[in-house]
Amino acid sequence: MTARSGLFPGLAALCVLLFFGSLLIGPAGIGPGAALSALFAGGDDPLALVMREIRLPRALLGLLTGASLGLAGAAMQGYLRNPLAEPGLIGVSGSASLGAVIAIHTGLAGAFTLALPLAALLGAAVAVLLILILAGPRGGSITLILAGIAISALAGALTSLVLNLSPNPFAAGEIIFWMMGSLADRSFTHLWIALPFVLIGAGLIATTARVLDALTLGEDAAAAMGLGLAQARLALVFGVAASVGAVTAVAGVIGFVGLVVPHLLRRAVGGRPSALLPASALGGAAMVLSADIAVRVILPHEDLKLGVLTAIVGAPLFLHLIFRTRRETAV
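Throughout, residues of each chain are indexed from 1 in the direction in which the sequence is written. Given that the model is predicted, a residue must reach a pLDDT of at least 70 before its local features are reported, and side-chain atom pairs must reach 80 or more before they are shown or counted; all residues, however, enter totals for whole chains, interfaces and linings. Excluding hydrogens and water, the side-chain figures rest on all heavy atoms present in the structure.

## What about the environment of Phe256?
Per the convention used, a helix needs a DSSP run of H or I reaching at least four residues, while a strand needs a run of E reaching at least two, with both numbered from the N terminus. Locating Phe256 in the fold gives a position in the loop between α12 (229-251) and α13 (257-266). For Phe256, a relative accessible area of 28% gives the class partly exposed. Residue contacts follow a heavy-atom distance rule, with two residues in contact if any of their heavy atoms lie within 4.5 Å. Setting aside anything within four residues of it in sequence, one finds Phe256 in contact with Val261, Thr310, Ala311, Gly314 and Ala315. Residue exposure (1.4 Å probe, protein chains only): buried if accessible area is under 20% of the type maximum, exposed if over 50%, otherwise partly exposed.

## A closer look at the pattern of salt bridges
A pairing counts as a salt bridge when a side-chain nitrogen of Lys or Arg comes within 4 Å of a carboxyl oxygen of Asp or Glu. For the coordinates displayed, the defined rule picks out 2 salt bridges. In this structure, Asp292 engages Arg58 in a salt bridge whose closest nitrogen and oxygen atoms are separated by 2.9 Å. One end of the pair, Asp292, is in helix α14 (residues 273-298); the other, Arg58, is in helix α3 (residues 46-80), with 234 residues separating them in the sequence. Residue Asp292 is classed as buried on the basis of its relative accessible area of 1%. When its relative accessible area of 14% is taken as the criterion, Arg58 is described as buried. Here Arg296 and Asp292 are joined by a salt bridge, their closest N and O atoms 2.9 Å apart. Placement of the pair is Arg296 and Asp292 together in helix α14, with a separation of 4 residues, close to one helical turn. Three or more residues are tied together by salt bridges with common partners; here these are Arg58, Asp292 and Arg296.

## A look at the packing of α3 against α12
Where α3 contacts α12, the two axes come as close as 9 Å, and the packing angle between them is 150°. With respect to each other, α3 and α12 are oriented roughly antiparallel. In this structure, α3 crosses over α12, and the sense of that crossing is left-handed. Facing α3, whose interface residues are Leu61, Leu64, Thr65, Ser68, Leu69, Ala72, Ala75, Met76 and Tyr79, α12 presents Arg233, Leu236, Val240, Ser243, Val244, Val247, Val250 and Ala251. For the contact of α3 with α12, the per-class residue count stands at 13 nonpolar, 3 polar and 1 charged. All axes here are fitted lines through C-alpha atoms, helices being fitted over the stretch that makes contact, and every angle between N-to-C directions spans 0 to 180 degrees. Oblique is the label for any angle not under 35 degrees, not over 145, and not in the 65 to 115 range, which are roughly parallel, roughly antiparallel and roughly perpendicular in turn. Helix crossings are classified by the rotation of the near helix relative to the far one: an anticlockwise turn of less than a right angle makes the crossing left-handed, while a clockwise turn makes it right-handed. Residue type decides the class: Asp, Glu, Lys and Arg count as charged, Ala, Val, Leu, Ile, Met, Phe, Trp, Tyr, Cys and Pro as nonpolar, and the leftover types, Gly among them, as polar.

Structure, rendered in structure tokens:
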């Protein structure tokens, strides 16, 4: 079996291993046997509640978040034919963050449990509407990039304005910590909020696989094949917005996953975008689960945020990929 043919089983096995690692590792110091017994056969004792209401939804949300970010990143890079593209390029992450920040600032997040994720989803929806207005129904990839940059800049500026005007330092601190990204203290409620949007988004992105392969030859060649580029573009925008907006709404901003993972796996799939989509989904899930395990091991009592760790690991790794690419193109 070649490395390429064994890629998907290997990534799937890694995700399963990390999923169980996420279930078994935590500050409670529960042994593997006792943890699994409490998960599958426990009653209403505290140990069973820890496994079923804290660790299980956190592990499932880690899978969902990583897969969404990895899939969206591969789709964006394939459509724009730009290895620097990432899920937040169209402004969905920034707009979702802005919605959540407003919910915290106004006190809605404290008055209503689901106000924060719902406000973030609303922010993502507004970003999609603005993208369609600014880029137009038939705008090209450059127009999409420029519209996304404008929306991201505006969302970032408004977020900074809310922080600047916040009279409550505790609210400002909560906003900052939420923007760092985390899977801690998430429940099945958060999972059920994100899951429908993620599934819809993944389905829409999957419909663009053939177009993404054709786009490797250029937009003119893809159009000559009779492929619906405008329809694929709409499916991509809505798919990325639904999946990334949903996971940002429940987990905060987690960067570099959708940027780095497709880079790491592109060669293994022969550079074919349609094959990179599922590979990046599995790779993204593995990266987020690994990082979430690491935040519990490295500084278990300091509440190290998941988004901080992915940025610390992802940025140097991405720089390494850039230098490696420069060396190869210079030869």
